[in-house]
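The primary structure of each chain is shown beneath.
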Amino acid sequence: MEPLFLKPYFQPKIWGGRKLETIFDYDIPEGDIGECWAISGHQHGQSVVINGEYAGTKLGDLWNEHRELFGDAKGDVFPLLTKILDAEDSLSVQVHPDNAYSKEHEGELGKTECWYIIDAEEGAELIYGHNAKTHEELNSMLENGQWNDLLRKVPVKKGDFFYVPSGTVHALNKGIMVLETQQSSDTTYRMYDYDRVDKKTGEKRELHIKQSEDTITVPHVDPKINIETKKNGKNLINTFVHSPQSPFFAVYEWLIKDELNLQHKDGKYTLASVITGSGKLVTDGNEYELKKGDHFLIPAQISNWTISGDLQLISSESEEK
Ligand code: ZN
């Protein structure tokens with residue numbers, strides 16, 4: 001059994017730029033590219049296996065046809081989506097629904113997400129949460145466009161981590177690059193888009209005020225995040241979130257300086273992305289080069305593996321049964 005290396009799918013966005021090419025060396029399409037869907041089985045843009053016996057297969061098809069790779073996990077769709085986002089300009093102020101609302105109205109999963117800040121310009125900030133105390137106050141601020149009163153702004157720097165449960169008002173503002181781990185969903189309710197006009201269509205993007213009112217958590221509560229750090233020689237493992245506080249995914253940072261042995265939590269599969277540096281992955285006596293921008297999935301059949309070199313990865317596991 002081999003790890004599955006994946007080729008990303010790239011999405012143009014009104015707020016995107018060219019950093020996925022200049023920083024990650026990806027061969028991206030022309031235009032403003034906002035999102036690299038690095039590990040994706042979502043029908044709006046799937047990643048494709050590039051090595052081994054499944055080369056050329058889309059991740060969503062592997063989920064359907066070879067569930068043993070995923071420890072015979074349940075679920076209609078591959079549950080997670082790993083992205084890298086390049087916010088050259090600010091994203092719309094938005095909210096995502098939970099599973100129940102999304103299933104009923106959109107026919108897909110809800111979206112809880114989280115961000116590891118890969119890079120942020122001096123003075124960069126993001127929108128996280130809101131100041132309304134009641135639904136009435138929220139609806140009135142939304143309908144009257146009182147954005148300065150409503151939105152909470154948070155300063156942000158490289159290395160920060162944010163957990164964004166469904167129902168949280170949020171937006172990445174300009175000058176931020178993140179690795180996002182999220183539920184596999186493409187449902188976004190926009191409440192404010194800075195009155196921007198899309199260069200291609202000449203139109204403003206659609207807003208979703210009613211859906212936002214339905215799904216925003218009131219009042220906003222900051223989730224409690226306790227980052228746990230484990231030392232292993234010169235290497236570090238940071239656990240950002242896990243179940244039960246984070247019911248859909250566990251997310252880790254592997255900071256490797258020499259050599260680190262790793263294994264899954266109880267027979268699961270693991271998603272991993274190299275965000276800086278380079279090194280080697282060894283599993284079952286096979287050796288693979290790793291470099292910044294590589295994404296791979298370690299199937300459930302591989303019980304342990306070793307990564308060596310000088311590199312930083314963000315990894316995740318599904319927390320669903
Ligand atoms: Zn979002």
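All residue numbers refer to position in the chain's written sequence, counted from 1. With pLDDT at 70 or above as the cut-off, local features in this predicted model cover only qualifying residues; side-chain atom pairs require 80 or more to be listed or tallied, and sums for whole chains, interfaces and linings still use all residues. As a rule here, side-chain values cover all heavy atoms of the structure and leave hydrogens and water aside.

## Quick look at the coordination of the zinc ion
For a metal with four donors in a tetrahedral arrangement, the ideal angle between donors is 109.5 degrees, while six donors in an octahedron ideally sit at 90 or 180 degrees.
Here is step 1: Coordinating N, O and S atoms are those within 2.8 Å of the metal (3.2 Å for Na, K and Ca), and as water is not part of the atoms, a site may appear to have fewer donors than expected. Binding of the zinc ion to the protein goes through Gln94 (OE1), His96 (NE2), Glu113 (OE) and His170 (NE2), at separations of 2.1 to 2.8 Å.
Here is step 2: Note that the zinc ion binds four donor atoms; their angles at the metal cover 74 to 152°, and the shape is irregular.
Here is step 3: Judged by relative accessible area, histidine 96 falls into the buried class, the value being 1%. Only four donors with every angle between 85 and 135 degrees are called tetrahedral; only four or six donors with opposite donors over 155 degrees apart and all others between 65 and 115 are called square planar or octahedral, in that order; all others are irregular. For the exposure calls, accessible area comes from a 1.4 Å probe over protein chains only, and a residue counts as buried if that area is under 20% of its type's maximum, exposed if over 50%, partly exposed in between.

## Description of the environment of leucine 281
Here is step 1: Only DSSP runs of H or I reaching four residues or more are called helices, and only runs of E reaching two or more are called strands; each is numbered from the N terminus. Structurally, the position occupied by leucine 281 is in strand E18 (residues 270-283).
Here is step 2: Sequence separation of leucine 281 and alanine 171 is 110 residues, and the distance between their C-alpha atoms is 35 Å.
Here is step 3: Throughout, a residue-residue contact means that at least one pair of heavy atoms, one from each residue, lies within 4.5 Å. Once residues lying within four places of it in the same chain are set aside, the contact partners of leucine 281 are Pro3, Phe5, Asn286, Glu287, Tyr288, Leu290, Phe296, Ile298, Trp305, Thr306 and Ile307.

## Looking at the packing of aromatic side chains
Here is step 1: Working definition: a ring pair exists when centres of Phe, Tyr or Trp rings (six-membered ring for Trp) sit within 6.5 Å. Plane angles under 30 degrees give stacked, over 60 give edge-to-face, the rest tilted. With the rule as written, the count across this model stands at 18 aromatic pairs.
Here is step 2: Both rings, one in tryptophan 63 and one in phenylalanine 78, keep their centres 5.7 Å apart while their planes meet at 80°; by these two values the pair is edge-to-face. One end of the pair, tryptophan 63, is in helix H2 (residues 59-65); the other, phenylalanine 78, is in the loop between H2 and strand E5 (80-87), and 15 residues separate them in sequence.
Here is step 3: On the basis of relative accessible area, tryptophan 63 is assigned to the buried category, the value being 1%.

## Overview of the domain arrangement of the chain
Here is step 1: Where a domain begins and ends is set by an automatic assignment or by a domain database. Here the domain parsing of the chain yields domain 1 (4-215) and domain 2 (228-318).
Here is step 2: With 34 residues of domain 1 at the interface, the matching set in domain 2 holds 33 residues.
Here is step 3: By buried area we mean how much accessible surface two parts lose on assembly, using a 1.4 Å probe and totalling the loss over both. The three residues of domain 1 that bury the most area against domain 2 are Phe5, Leu80 and Tyr116, which together make up 23% of that side's buried surface.
Here is step 4: Here, a salt bridge means any side-chain nitrogen of Lys or Arg that lies within 4 Å of a carboxyl oxygen of Asp or Glu. Between domain 1 and domain 2 we count zero salt bridges in total.
Here is step 5: Breaking the side of domain 1 that touches domain 2 down by element, the ones donating at least two residues are strand E1 (4-7), strand E3 (33-40), H2, E5, strand E7 (113-120), strand E10 (161-164) and strand E12 (176-183).
Here is step 6: Each residue is assigned to one class: nonpolar for Ala, Val, Leu, Ile, Met, Phe, Trp, Tyr, Cys and Pro, charged for Asp, Glu, Lys and Arg, and polar for all the others, Gly among them. Split by residue class, the side of domain 1 that touches domain 2 holds 24 nonpolar, eight polar and two charged.

## Details of the environment of tryptophan 147
Here is step 1: Within the secondary structure layout, tryptophan 147 lies in helix H5 (residues 147-150).
Here is step 2: Given the relative accessible area of 14%, tryptophan 147 is considered buried.
Here is step 3: Expressed as a C-alpha distance, the spacing of tryptophan 147 and asparagine 286, which sit 139 residues apart in the sequence, is 54 Å.
Here is step 4: Once residues lying within four places of it in the same chain are set aside, the contact partners of tryptophan 147 are Leu142, Met191 and Tyr192.

## Structural notes on the sheet that holds E7
Here is step 1: DSSP bridges decide pairing: two strands pair if at least two such bridges lie between them. Read from one edge of the open sheet, six strands run E2-E3-E5-E12-E7-E10, paired in antiparallel fashion. The open sheet terminates on both sides in strands that have one partner only, identified here as strand E2 (9-17) and E10. Each strand of the sheet is rotated relative to its neighbour by a mean of 25°, with strand direction disregarded.
Here is step 2: Pairing analysis gives five bridges linking E2 to E3, with the strands arranged antiparallel. Its bridge partner being in E3, phenylalanine 10 is matched across the sheet by cysteine 36. Axis definition: a line fit to C-alpha positions, over the contact stretch in the case of helices; interaxial angles, taken between N-to-C directions, run 0 to 180 degrees.

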